[in-house]
Amino acid sequence: MARSYSVYDVFTDTRLGGNPLAIIYDAEDLSDEAMQAIAREMNLSETVFVLPPQNPAHTASLRIFTPGRELPFAGHPTVGTAIALAEKAHASHGGDIDLVSVLDERVGPVRCAIRLRQNKPSFAEFDLPRKSQQILLPLDKADIANALSLKITEIGFENHVPSIWSAGVPFLLVPVHDVGAAERMEFDAQLWEKTVPFVDGALASAFIYCRGGVNHVAKFHARVFPVGMGIVEDPATGSAAAAMSGAINQFDALPDGHHPFIIEQGIEMGRPSLIHLHVDVDGGQIANARIGGQAVRIASGILEL
């Protein structure tokens, strides 16, 4: 059966930047095995399969696969697919549109707000389906430094120390001294696997971050190395930024109110990405958090399967 697909570059306003995403439409008759095989064939960070919604009031259901396994939730597939479905539904409108859609993911329903603008890249943001939670497990700072080919003195800054957080997908967040350390580090997957504890039956992926960035608008600079997903390095990871919201609130002791952050990622890969993170704090706790970004379509075609 022939079915259409699109490829979007997500968390960027520029084609060939950001994180590429394959979106397979009308995928309800595909088996789990077929979806995984197609994701391996696409060989992108993630491939999304669009199915009818579980709730008829929602827009669609999504299945999200990396080349190595399925994920219950991911940020750049949510942003990219929300934009793709909105652009597809309103292709003939020709004007500016603001709309809300709900996407059913394995983690639960995800509410998205989308802005479509004439002759400009579209923007979407979503409420985190789960707030970031810390997972308290023993961590060895020296072993983490070795796995990143850094000195132990380059691990951590200010109050930030290595910690594990999850907003649906667990990450070991490793703060490093500065952008230079982030650029210079070399990820050793074998040492990481020996160092990192298992979370929910899988190794936590590496999220390396520091303050500042190459882009003047960035509050944080980040690199992400997924484990067991068939990806060496990811140019933009919304689920990692979602997890990071908890660490920022804890280590920076955010005052009550609204806090916007822009996280840059993918710089070292030549695919610069900007992830928008908004955190609302009430009583010292995260009341709400959102992830957002732009996306641009780079390809459309027919999958002959």
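Scroll up to find the structure.
Before going into details, it helps to say that this report is about the structure given with it. (Residues numbered from 1 in each chain as written. Predicted model: local features only at pLDDT ≥ 70, side-chain atom pairs only at ≥ 80, totals over all residues. Heavy atoms only, no water.)

Some remarks on the environment of Val-217
- As for its placement among the helices and strands, Val-217 is situated in the loop between strand E14 (205-211) and strand E15 (220-225).
- Distance from Val-217 to Asp-26, taken between C-alpha atoms, is 38 Å for residues 191 residues apart in sequence.
- Setting aside its immediate chain neighbours within four residues, Val-217 contacts Ile-262 and Leu-274. (Helix = DSSP H or I, 4+ residues; strand = E, 2+ residues; numbered from the N terminus. Contact = heavy atoms within 4.5 Å.)

Focus: the nonpolar core
- Ile-114, Phe-207, Tyr-209 and Ile-291 are the most contacted members of the largest nonpolar core, which totals 64 residues.
- In terms of residues, this core owes the most to one element, helix H6 (residues 238-252), which gives eight residues.
- Ala-145, Val-179, Ala-182 and Phe-225 belong to the second-largest nonpolar core, a separate cluster that totals 24 residues. (Core = buried A, V, L, I, M, F, W, Y, C linked by side-chain atoms within 4.5 Å. Buried < 20%, exposed > 50% of the residue type's maximum accessible area, 1.4 Å probe, protein only.)

Let's talk about unusual backbone geometry
- Unusually for a residue other than glycine, Leu-16 sits at a positive phi of about 75°.
- Along the chain, Leu-16 turns up in the loop between strand E1 (2-10) and strand E2 (19-24).
- Overall, the relative accessible area of 59% leaves Leu-16 in the exposed class.
- Here Glu-158, not a glycine, exhibits a phi torsion of approximately 50°, which is positive.
- With respect to the helices, strands and loops of the structure, Glu-158 is situated in the loop between helix H3 (141-147) and strand E10 (163-166).
- Glu-158 sits in the exposed class, given a relative accessible area of 63%.

Re empty space enclosed by the protein
- Counted according to the given criterion, the structure contains two cavities of 30 Å³ or more.
- Around the largest cavity sit Glu-46, Leu-71, Val-169, Phe-171, Ser-205, Pro-226, Met-229, Ile-231, Asp-234, Thr-237 and Ser-239, which together line it.
- For the lining of the largest cavity, a count of residues per class yields six nonpolar, three polar and two charged.
- For the second largest cavity, the calculated volume is near 40 Å³.
- For the second largest cavity, the full set of lining residues is Asn-19, Glu-46, Ala-74, Gly-75, His-76, Pro-77, Asp-234, Ala-236, Thr-237, Gly-238 and Ser-239.
- Secondary-structure elements contributing two or more residues to the lining of the second largest cavity are helix H2 (75-89) and H6.
- With three residues, H2 is the largest single contributor of residues to the lining of the second largest cavity.
- Considered class by class, the residues forming the lining of the second largest cavity number three nonpolar, six polar and two charged. (1 Å grid on protein atoms, 1.4 Å probe; cavity = no way out; pocket = protein on both sides within 12 Å on 5 of 7 lines; lining within 4 Å. Points joined across faces, edges and corners; volume = space filled by probe spheres on them. Nonpolar A, V, L, I, M, F, W, Y, C, P; charged D, E, K, R; others polar.)

Considering the side chain of Asn-249
- Mapped onto the elements, Asn-249 comes out in helix H6.
- Ignoring anything within four residues of it in the chain, the contact list for Asn-249 reads Leu-254, Val-281, Gly-284, Gln-285 and Ile-286.

What about the pairing of strand E4 (residues 60-65)?
- Of all the six residues making up E4, six are buried; the element is thus mostly covered by neighbouring parts of the structure.
- By the alternation rule, side chains of E4 split into Ala-60, Leu-62 and Ile-64 and Ser-61, Arg-63 and Phe-65, which are all buried.
- Pairing between strand E3 (residues 46-51) and E4: five bridges, direction antiparallel. Each bridged residue has a counterpart across the sheet, and for Val-50 the counterpart in E4 is Leu-62.
- For E4 and strand E5 (residues 70-71), the ladder comprises two bridges, and the chain directions are antiparallel. Along E5, the bridge assignment pairs Phe-65 with Glu-70.
- Between the end of E4 and the start of E5, which pair antiparallel, lie four residues. (Pairing = 2+ DSSP bridges.)

Here we look at the pattern of salt bridges
- In this structure the tally under the stated criterion is 15 salt bridges.
- Across the pair Asp-29 and Arg-3 runs a salt bridge whose closest N-O atoms are separated by 2.8 Å. On the criterion of sequence distance, the pair formed by Asp-29 in the loop between E2 and helix H1 (32-42) and Arg-3 in strand E1 is long-range, its members being 26 residues apart.
- Of the residues examined, Asp-29 reaches a relative accessible area of 48% and is grouped as partly exposed.
- The class for Arg-3 is buried, based on a relative accessible area of 3%.
- Measuring nitrogen to oxygen at the nearest pair gives 2.0 Å for the salt bridge that ties Arg-184 to Glu-154. With Arg-184 in helix H4 (residues 179-184) and Glu-154 in the loop between H3 and E10, this residue pair connects regions lying 30 residues apart in the sequence. (Salt bridge = Lys/Arg side-chain N within 4 Å of Asp/Glu carboxyl O.)

A word on the layout of surface pockets
- Considering only enclosed or pocket space, the largest pocket measures out at about 490 Å³ in volume.
- Residue lining of the largest pocket: 23 residues in total, with Glu-87, Ala-91, Arg-117, Ser-122 and Arg-297 positioned closest to the centre.
- If you list the elements that add at least two residues to the lining of the largest pocket, you get E1, H2 and strand E18 (285-304).
- Tallied by class, residues from the lining of the largest pocket come to nine nonpolar, eight polar and six charged.
- Approximately 240 Å³ is the volume found for the second largest pocket.

Taken by themselves, the reported measurements are silent on function.
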